[in-house]
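# Summary of the model geometry
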Amino acid sequence: MVAPVLVLDFGSQVTQLIARRVREAGVYCEIVPFNKADAALAEGPRAIILSGGPCSVHEEGSPRAPQAVFEAGVPVLGICYGEMTMCEQLGGHVEGGHAREFGRADIIIRKGSPLLDGLGNAESREPVWMSHGDKITAIPPGFHVVAISENSPNAVIANEERRFYGVQFHPEVVHTPRGAQILKNFVIKIAGIEPTWNMHAFKEKAIQKIRDQVGNGRVICGLSGGVDSSVAAVLLHEAIGDQLTCIFVDTGLMRAGESEEVVSLFRGHYNIPLLHAEASDLFLTELAGVSDPEKKRKIIGKAFIDVFDYESAKAGGADFLAQGTLYPDVIESVSATGGPSATIKSHHNVGGLPAHMKMKLVEPLRELFKDEVRALGRELGLPEPFVARHPFPGPGLAIRIPGEITAEKLAILRHADTIYLDEIRNAGLYNEIWQAFAVLLPVKTVGVMGDDRTYDYVCALRAVTSTDGMTADYYPFEHSFLARVSTRLVNEVKGINRVVYDITSKPPGTIEWE
């Protein structure tokens, strides 16, 4: 399938959100690195978007768009760095050393443009999200100013004749309230693309892609207990039937009752062949004495592969390993498209996999965000309580225990997590929250219970709201709720004597602690 919209990645941490917004508008798109775009450009996209990025265009060796972008005869939208490189390449000028703009700002519309259709008339103000340190000081010939901001006299520019547009802000992030409308205007009104892409279309495309990749090969799918791997397994089963065997690895790092729930769903509800591998001793032995979070993830990734190799051999061998890897996993581990973005953390199923594996990878959800995976799950008929579950990381509770992992700490955390989620459900808040979990800190504090002194662990509670996992805000619980949870944890969980609540957003923090 040829993507009607091509996004060229210059290394922004939120490039994937551009694709997300375009797909929300009903138009399929793909992302390619700016320096590997020749083949994709040759396929004839109907519109091109240039992403933001961490570089400055006036630096020697900074990225540039292929000249073919501007010779393709299709609409082009440059976002932040994308606008700046477009200006430089078409005869404008960008300088550093001027006033920077980071965070919320207002643009003032100076002139009408189809790009801003529906956002207001001349002189109206529109809130946006800025993130740049350079300034466009001259726009290319043929362009005119559409909108300005306090520090950006060229916040939105356009060459309507060539259908080239540039915006200095980020329309793809939720902090630009009507940014999705801008991207929709670009792909539908300006590029004239029919909004025909939806999750049913993705499912059909993904099934064919799986069949083309796998052929007659055998596939094993690693189930972690989360929504992602479960949706991947059901999609694979629909594509290749009995060529698939699922392996649920009980790592000893699962939540309470998780193993029984997963095994029951796949053996009972879907009748998908499932091997239940008890490997908690292996994982805990390999993790013994390890505190560094990156080492933990890589150890867990290697141990998963070792178990998969062993179990697949018992099942008669396999050619492919399938995983529920998502876009947020990829962009935080390494640039999803090979661009120059920075690594945030390795995910066990991306950066944590060993360099040499006996099996090839099948990752049918690699280009989806979490809410899109849930939509796909519903399209595939998964039970709603399972589809609506909060995200659970592949490494499990190992990354919710900063420091060394022990069986004692896991038991404490498992009990605390169960109480916390029970209280959230009892309060009717579960579906309002993107993800909630407890973290057992490597810190002990003095407490008093009755007349006795205690010296036990601190438990941190985390709950966030999000739409895509790329950005998140903490959930504003009532103090009475937090007091109730704290009382239960201290009274019912032996080993915890203090409770704190994490109110950090993402960014600057990540959702998980490790």
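This text follows the structure it describes.
Before going into details, it helps to say that this report is about the structure given with it. Computed from a prediction, not measured in an experiment: that's the story for all the values here.

In terms of helices and strands, the protein carries 15 helices and 20 strands. Taken over the C-alpha trace, the protein has a radius of gyration of 25 Å; the compact-globule value for 514 residues is 24 Å, and the two agree within 12%. Summarising the internal contacts of the protein: among those between residues at least 6 apart in sequence, 75% fall at separations of at least 24. Per element, the accessible surface of the protein, about 20,600 Å² overall, is 50% carbon and sulfur.

What follows covers the nonpolar core. Buried together is how nonpolar side chains tend to be arranged in soluble globular proteins. Within the largest apolar cluster, 94 residues are counted, with the highest numbers of intra-cluster contacts made by Tyr-420, Ile-424 and Phe-477. Ranked by the residues each element gives to this core, the list is headed by helix α7 (residues 227-240), at 9 residues. Residues contacting Ile-424, with those up to four places away along its chain left out, are Leu-429, Tyr-430, Ile-433, Ala-436, Phe-477 and Phe-481. Counting 37 residues, the second-largest nonpolar core is a separate cluster that includes Ala-47, Leu-115, Ala-147 and Phe-186.

It is worth spelling out the pairing of strand β11 (residues 164-167) at this point. Side-chain alternation along β11 places Phe-164 and Gly-166 on one buried face and Tyr-165 and Val-167 on a second face that is also buried. Both strand β4 (residues 76-79) and β11 contribute to a ladder of 4 bridges, which runs parallel. Residue pairing for β11: Gly-78 is matched across the bridge by Gly-166. Strand direction decides the pairing type here: strand β10 (residues 156-159) and β11, joined by 4 bridges, are antiparallel. Residue pairing for β11: Val-156 is matched across the bridge by Val-167. The antiparallel hairpin formed by β10 and β11 contains 4 residues in its connecting segment, where Arg-163 sits at a positive phi of about 60 degrees.

Once that is clear, we can look at the sheet that holds strand β13 (residues 244-250). With parallel pairing, 5 strands are arranged side by side in an open sheet as β14-β13-β12-β15-β16. A single partner strand is all that each edge strand has here, and the edge strands are β14 (274-278) and β16 (360-362). Put simply, the sheet's adjacent strands are angled 30 degrees from each other on average, direction ignored. Here 5 bridges tie strand β12 (residues 219-223) to β13, and the two strands are oriented parallel to one another. Looking at the pairing, Gly-222 lines up with Ile-247 of β13. Most of the contacts of helix α6 (residues 199-214) go to β16, to which it runs at about 170 degrees, and overall it touches β12, β15 (320-322) and β16.

Where α6 meets α7, the axes come as close as 9 Å, and the angle between the chain directions of the two elements is 65 degrees. One finds that α6 runs roughly perpendicular with respect to α7. Two packed elements cross with a definite hand, and for α6 against α7 that hand is right-handed. Where α6 approaches α7, its residues Lys-203, Ala-206, Ile-207, Ile-210, Arg-211 and Val-214 are matched on the opposing element by Leu-235, Leu-236, Glu-238, Ala-239 and Ile-240. A per-class count over the contact of α6 with α7 returns 8 nonpolar, no polar and 3 charged.

For the rest of this paragraph, the subject is empty space enclosed by the protein. Rolling a probe over the atoms, with the probe sized like a water molecule, indicates the empty space that remains. In this structure the tally under the stated criterion is 3 cavities of 30 Å³ or more. Taken as a whole, the second largest cavity spans an internal volume of roughly 40 Å³. In terms of lining residues, the second largest cavity is bounded by Arg-218, Val-219, Ile-220, Gln-243, Thr-245, Ala-315, Gly-317 and Ala-318. For the lining of the second largest cavity, the class distribution of residues is 4 nonpolar, 3 polar and 1 charged.

In this fold, Ile-511 is placed in the segment after β20 (496-501). A C-alpha to C-alpha distance of 19 Å links Ile-511 and Ser-291, two positions 220 residues apart in sequence. Dropping the residues within four chain positions of it, Ile-511 is found in contact with Trp-434, Gln-435, Phe-437, Arg-462, Val-464, Gly-469, Ala-472 and Lys-506.

With an omega of -10 degrees, the peptide bond running from Lys-506 to Pro-507 counts as cis. Locating Pro-507 in the fold gives a position in the segment after β20. With an omega of 15 degrees, the peptide bond running from Pro-507 to Pro-508 counts as cis. Secondary-structure assignment places Pro-508 in the segment after β20. Not every positive phi belongs to a glycine, and Cys-80 is a case in point at roughly 55 degrees. Its location among the elements puts Cys-80 in the loop between β4 and α4 (81-89).

With that out of the way, let us pick up the layout of surface pockets. What the second largest pocket holds in volume is close to 380 Å³. Secondary-structure elements contributing two or more residues to the lining of the second largest pocket are α8 (258-269), α13 (384-387) and α14 (407-426). With 5 residues, α14 is the largest single contributor of residues to the lining of the second largest pocket. Among the residues making up the lining of the second largest pocket, the classes are represented as 7 nonpolar, 4 polar and 7 charged.

Since the α-helix advances by 3.6 residues per turn, residues separated by three or four positions end up pointing in the same direction. Burial within helix α1 (residues 15-24) is extensive, with 9 of its 10 residues counted as buried. Every buried residue belonging to α1 is among Thr-15, Gln-16, Leu-17, Ile-18, Ala-19, Arg-20, Arg-21, Val-22 and Arg-23, and all of these are buried. Remark: Gly-26 follows α1 within two positions and exhibits a positive phi of approximately 90 degrees.

It is worth spelling out the pattern of salt bridges at this point. Inspection of every chain in the model, using the stated rule, returns 24 salt bridges. Among the ionic pairs, Arg-178 bridges to Glu-126, the shortest N-O distance being 2.8 Å. Taken together, the residues span a long stretch of sequence, with Arg-178 in the loop between β11 and α5 (179-190) and Glu-126 in strand β7 (residues 125-132) at a distance of 52 residues. Here Arg-178 falls in the partly exposed class, since its relative accessible area comes to 36%. Notably, a salt bridge pairs Glu-514 with Lys-296, separated by 3.0 Å at the nearest N-O pair. Placement of Glu-514 in the segment after β20 and of Lys-296 in helix α10 (residues 293-314) is noted, with a sequence separation of 218 residues between them.

The rules we used
- Residues numbered from 1 in each chain as written.
- Predicted model: local features only at pLDDT ≥ 70, side-chain atom pairs only at ≥ 80, totals over all residues.
- Heavy atoms only, no water.
- Helix = DSSP H or I, 4+ residues; strand = E, 2+ residues; numbered from the N terminus.
- Rg over C-alpha atoms; globule rule 2.2 N^0.38 Å.
- Contact = heavy atoms within 4.5 Å.
- Areas by Shrake-Rupley, 256 points an atom, 1.4 Å probe, with all protein chains shown as cover.
- Core = buried A, V, L, I, M, F, W, Y, C linked by side-chain atoms within 4.5 Å.
- Buried < 20%, exposed > 50% of the residue type's maximum accessible area, 1.4 Å probe, protein only.
- Pairing = 2+ DSSP bridges.
- Axes fitted to C-alpha atoms, helices over the stretch in contact; angles between N-to-C directions.
- Parallel < 35°, antiparallel > 145°, perpendicular 65-115°, else oblique.
- Left-handed = near helix turned anticlockwise from the far one by under 90°.
- Nonpolar A, V, L, I, M, F, W, Y, C, P; charged D, E, K, R; others polar.
- 1 Å grid on protein atoms, 1.4 Å probe; cavity = no way out; pocket = protein on both sides within 12 Å on 5 of 7 lines; lining within 4 Å.
- Points joined across faces, edges and corners; volume = space filled by probe spheres on them.
- Salt bridge = Lys/Arg side-chain N within 4 Å of Asp/Glu carboxyl O.

These results come straight from atomic positions and should not be treated as a statement about function.
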